[in-house]
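Fold and contact review
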Amino acid sequence: ATDKEITARINYSNRSSETNPNNNKAIYKIQVRPKNQTVETSVESVKAYNQHGKEVTQFISGQTYTIKATFKNESSDQTSFPVRLAFGATVPPGSGTAVSGSGTKTIAKNGKYVLSATYKATGTSTLHWQASINWDNRLIETNTSNNFTAGTFKTVASASVVETST
């Protein structure tokens, strides 16, 4: 793929006579790929695990969890993509605080990349998270709607106790 610039102008030759002569031109960079090349990436999953490696859907205050985002590359040629896992916001994409390890990664064709982060749950808050891959270039992909996902993990004060009697 190659980056190309597209320039759009309106009333450019007469811009000096306008109230705002600086808004008559815009330059956009797009990524152009060869005709037979397909680019397809996706966020496969975002899951949380307790200290025993068991998948969980909510957190217990005081416990530390590992959150894993799995990214997938099904592109025909390209293997380098920006991946991001962030805490603190679900939207818009790119908001929140990116975890260590976010950035451009090499993902083999038909391969996966797992980005992990630890999180210590406190109080009874909710962890807002988001994950994305190739977000800025998603429009060149075969499927443009699977490059981002977001959600929450709720923190409870303590584990539920199940009472049984015999």
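In short, a report on the structure.

What counts and how
Residues numbered from 1 in each chain as written. Predicted model: local features only at pLDDT ≥ 70, side-chain atom pairs only at ≥ 80, totals over all residues. Heavy atoms only, no water. Pairing = 2+ DSSP bridges. Helix = DSSP H or I, 4+ residues; strand = E, 2+ residues; numbered from the N terminus. Salt bridge = Lys/Arg side-chain N within 4 Å of Asp/Glu carboxyl O. Buried < 20%, exposed > 50% of the residue type's maximum accessible area, 1.4 Å probe, protein only.

Overview of the sheet that holds strand β3 (residues 41-49)
- Ordered in space as β4-β3-β6-β10, the four strands form an open sheet in which the pairing is antiparallel. Of all the strands in the sheet, just β4 (55-56) and β10 (111-120) have a single pairing partner and so form its edges.

Digging into the pattern of salt bridges
- Summed over the entire model, instances satisfying the criterion amount to three salt bridges.
- The salt bridge partner of Lys72 is Glu44, with a shortest N-O separation of 3.9 Å. Note that Lys72 is positioned in strand β6 (residues 64-73) and Glu44 in strand β3, a separation of 28 residues in sequence.
- Lys112 is the partner of Glu44 in a salt bridge, and the nearest nitrogen-oxygen pair spans 3.1 Å. Here Lys112 lies in strand β10 and Glu44 lies in strand β3, a separation of 68 residues in the sequence.
- Judged by its relative accessible area of 51%, Lys112 is exposed.
- A network of salt bridges, in which partner residues are shared, links Glu44, Lys72, Glu74 and Lys112.

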